[in-house]
Amino acid sequence: MSADRAVQLHWESRHVTGDGRCALSYPGIAVVRHHDGEVVGQAWVPIGDEPTFDDDEALIAALHAAWRWSKSAA
């Protein structure tokens, strides 16, 4: 990974409020790309309590793309 490019992963929940009477919170993993200390991109991959094969594949694809991006500057 290049010193000026970095990839950060962190667990976060996204919250959605409907018409004021209902709210939904869903956990996921944020894949954040930094270039020279500034956020230049972000992807959020939802991960449920019982992740499916498709959930796993989406996370793998997001991680792969981010790591390839960080390596391309090296």
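Everything discussed here concerns the structure shown above.
Report on the accompanying structure.

## Some remarks on the side chain of Arg-5
Alright, step 1. Within the element layout of this structure, Arg-5 appears in strand β1 (residues 5–17).
Alright, step 2. For the buried Arg-5, no salt bridge exists, and the shortest N-O distance to an oppositely charged side chain is 5.2 Å, to Asp-4.
Alright, step 3. A polar contact is formed between the side chain of Arg-5 and the backbone oxygen of Trp-69, at a distance of 2.7 Å.

## Quick notes on the sheet that holds strand β3 (residues 38–46)
Alright, step 1. With antiparallel pairing, 3 strands are arranged side by side in an open sheet as β1-β2-β3. Whereas interior strands pair on both sides, the edge strands pair on one side only; in this sheet they are β1 and β3. Averaged over all adjacent pairs, the angle separating strand axes in this sheet is 30°, with direction ignored.

## Some words on the side chain of His-34
Alright, step 1. Within the secondary structure, His-34 sits in strand β2 (residues 23–35).
Alright, step 2. Residue His-34 is classed as buried on the basis of its relative accessible area, which comes to 18%.
Alright, step 3. In this structure the side chain of His-34 is engaged in a polar contact, spanning 3.2 Å, whose partner is the side chain of Gln-8.
Alright, step 4. If near-sequence neighbours (up to four positions away) are discounted, His-34 is found in contact with Asp-4, Arg-5, Ala-6, Gln-8, Val-39, Val-40 and Trp-69.

## Let's talk about the nonpolar core
Alright, step 1. If you look at the biggest cluster of nonpolar residues, it comprises 10 residues: Val-7, Ile-29, Val-31, Val-45, Ile-47, Leu-59, Ala-62, Leu-63, Ala-66 and Trp-69.
Alright, step 2. Taken together, the elements giving at least two residues each to this core come down to β2 and α1 (53–72).
Alright, step 3. Here the element with the most residues in this core is α1; it accounts for 5 residues.

## Brief notes about unusual backbone geometry
Alright, step 1. Its identity is not glycine, yet Asp-36 carries a phi of approximately 55°, on the positive side.
Alright, step 2. Residue position: Asp-36 is located in the loop between β2 and β3.
Alright, step 3. Classification of Asp-36 by relative accessible area gives exposed; the value is 53%.

Rules used throughout
Residues numbered from 1 in each chain as written. Predicted model: local features only at pLDDT ≥ 70, side-chain atom pairs only at ≥ 80, totals over all residues. Heavy atoms only, no water. Helix = DSSP H or I, 4+ residues; strand = E, 2+ residues; numbered from the N terminus. Buried < 20%, exposed > 50% of the residue type's maximum accessible area, 1.4 Å probe, protein only. Lys, Arg positive; Asp, Glu negative; His and termini not counted. Salt bridge = Lys/Arg side-chain N within 4 Å of Asp/Glu carboxyl O. Polar contact = N/O pair within 3.5 Å; in protein donor to acceptor, adjacent residues only side chain to side chain. Pairing = 2+ DSSP bridges. Axes fitted to C-alpha atoms, helices over the stretch in contact; angles between N-to-C directions. Contact = heavy atoms within 4.5 Å. Core = buried A, V, L, I, M, F, W, Y, C linked by side-chain atoms within 4.5 Å.

These values are about where atoms sit, not about what they do.
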